[in-house]
Amino acid sequence: VSVDDHVVEPPDLFDPHLSLQWKSRAPRVTRIADGSEVWVFEKQPIPNIGLNAVIGRRPEEYGVEPTAYDQMRPGCWNVHERIRDMNANGVLASMCFPSFPSFCGALFARQPDKQLARVMLQAYNDWHIDTWCGSHPGRFIPLALPPLWDPKLLADEVRRVARKGCFAVSFSENPEKVAPGLPSLHSEHWDPFWQACCDEGTVVAIHIGSAS
């Protein structure tokens, strides 16, 4: 069982999980002039981090490439191919950290329009739980992203995803560095979050580097 895997999000991630009202503002994959593919959110380009997708390459080739889906092993972003790879590799279950939103959802925490941020973060969590993990029950450990900008909303999201069967949430080792105005990890500000995790039996997962 691996608890430090990664997923390269597929280009159609948001489509099934947003109402028509929000689809036009969702992050989208765009091919740029050099042939690379990047996510774009509110006109901000977010390059793919190819080091999450170097499977099949020699270690001396590891770097920030590949930067396009057709350069990656399909199991990096296609859940059915991921299961084939897990079977071949003897992996029973996997917990997958996100790629383009950052490990703890910093992309959404830094978004000025907090209603938009909440809608997109919840759509991401719904995709991860229902589509990625839900496609092959028992083979993945669902891991939710946190709405870091509001401790009450954060607690509510822990409880919402718990009702969907998700009992792990990604957090930051140093939230002060994730977005302006966030307090120390040791502040009482976060108490509603800790309480929700205690109430739901939710595990807090922290990936090194989540504080950028």
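Let me sum up the structure you'll find in this document. Small disclaimer: the values here were computed from a predicted structure and weren't measured.

1. Notes on the overall build of the protein
Thinking step 1. When you go through the protein residue by residue, the secondary structure sums to 6 helices and 7 strands.
Thinking step 2. Written out in order from the N terminus, the α and β elements of the protein read β-α-β-β-β-α-β-α-α-α-β-α-β.
Thinking step 3. Against the 2.2 N^0.38 benchmark of 17 Å for 212 residues, the protein shows a C-alpha radius of gyration of 17 Å, consistent with a compact globule.
Thinking step 4. The C-alpha extent of the protein, read off along each of the three principal axes, is 45 × 40 × 35 Å.
Thinking step 5. Here the protein holds 212 residues, and the buried ones make up 50% of them.
Thinking step 6. Intrachain contacts of the protein at a sequence separation of at least 6 include 68% that bridge at least 24 residues.
Thinking step 7. Surface exposure of the protein reaches about 10400 Å², of which carbon and sulfur atoms provide 54%.
Thinking step 8. Between the mean site of the 20 positive side-chain charges and the mean site of the 26 negative ones, the protein shows a separation of 4 Å.

2. Section: helix α4 (residues 114-133)
Along an α-helix, a turn takes 3.6 residues, which lines up residues three or four apart on a common side.
Thinking step 1. In this model, α4 (20 residues) spans 27 Å end to end at C-alpha, consistent with the 28 Å of a helix rising 1.5 Å per residue.
Thinking step 2. Its axis deflected by about 25° at Trp127, α4 carries its strongest bend there.
Thinking step 3. Among the 20 residues that make up α4, 15 are buried, leaving the element largely enclosed by the rest of the structure.
Thinking step 4. Sitting at the amino-terminal end of α4 is Asp113, which places a side-chain oxygen 3.2 Å from the backbone nitrogen of Gln115.

3. Here we look at the pattern of salt bridges
Side chains that carry opposite charge are capable of pairing whenever their charged atoms lie near each other.
Thinking step 1. Taken as a whole and assessed by the stated rule, the structure comprises 15 salt bridges.
Thinking step 2. Put simply, Asp15 and Arg28 hold a salt bridge, and the shortest N to O gap is 2.6 Å. Of the two residues, Asp15 is situated in the loop between β1 (2-6) and α1 (20-23) and Arg28 in strand β2 (residues 28-31); the sequence distance between them amounts to 13 residues.
Thinking step 3. Judged by relative accessible area, Asp15 falls into the partly exposed class, the value being 30%.
Thinking step 4. One salt bridge connects Lys152 with Asp156, and the closest N-O pair in it is separated by 3.2 Å. With Lys152 and Asp156 both in helix α5 (residues 151-163), this residue pair falls 4 residues apart, about one helical turn.
Thinking step 5. What emerges from the salt-bridge pattern is a single network uniting Asp126, Asp130, Glu157, Arg160 and Lys164.

About the cut-offs
Residues numbered from 1 in each chain as written. Predicted model: local features only at pLDDT ≥ 70, side-chain atom pairs only at ≥ 80, totals over all residues. Heavy atoms only, no water. Helix = DSSP H or I, 4+ residues; strand = E, 2+ residues; numbered from the N terminus. Rg over C-alpha atoms; globule rule 2.2 N^0.38 Å. Buried < 20%, exposed > 50% of the residue type's maximum accessible area, 1.4 Å probe, protein only. Contact = heavy atoms within 4.5 Å. Areas by Shrake-Rupley, 256 points an atom, 1.4 Å probe, with all protein chains shown as cover. Lys, Arg positive; Asp, Glu negative; His and termini not counted. Charge placed at Lys NZ, Arg CZ, Asp CG, Glu CD. Expected span 1.5 Å × (residues − 1). Bend = angle between axes of the 7 residues up to and from the residue. Polar contact = N/O pair within 3.5 Å; in protein donor to acceptor, adjacent residues only side chain to side chain. Salt bridge = Lys/Arg side-chain N within 4 Å of Asp/Glu carboxyl O.

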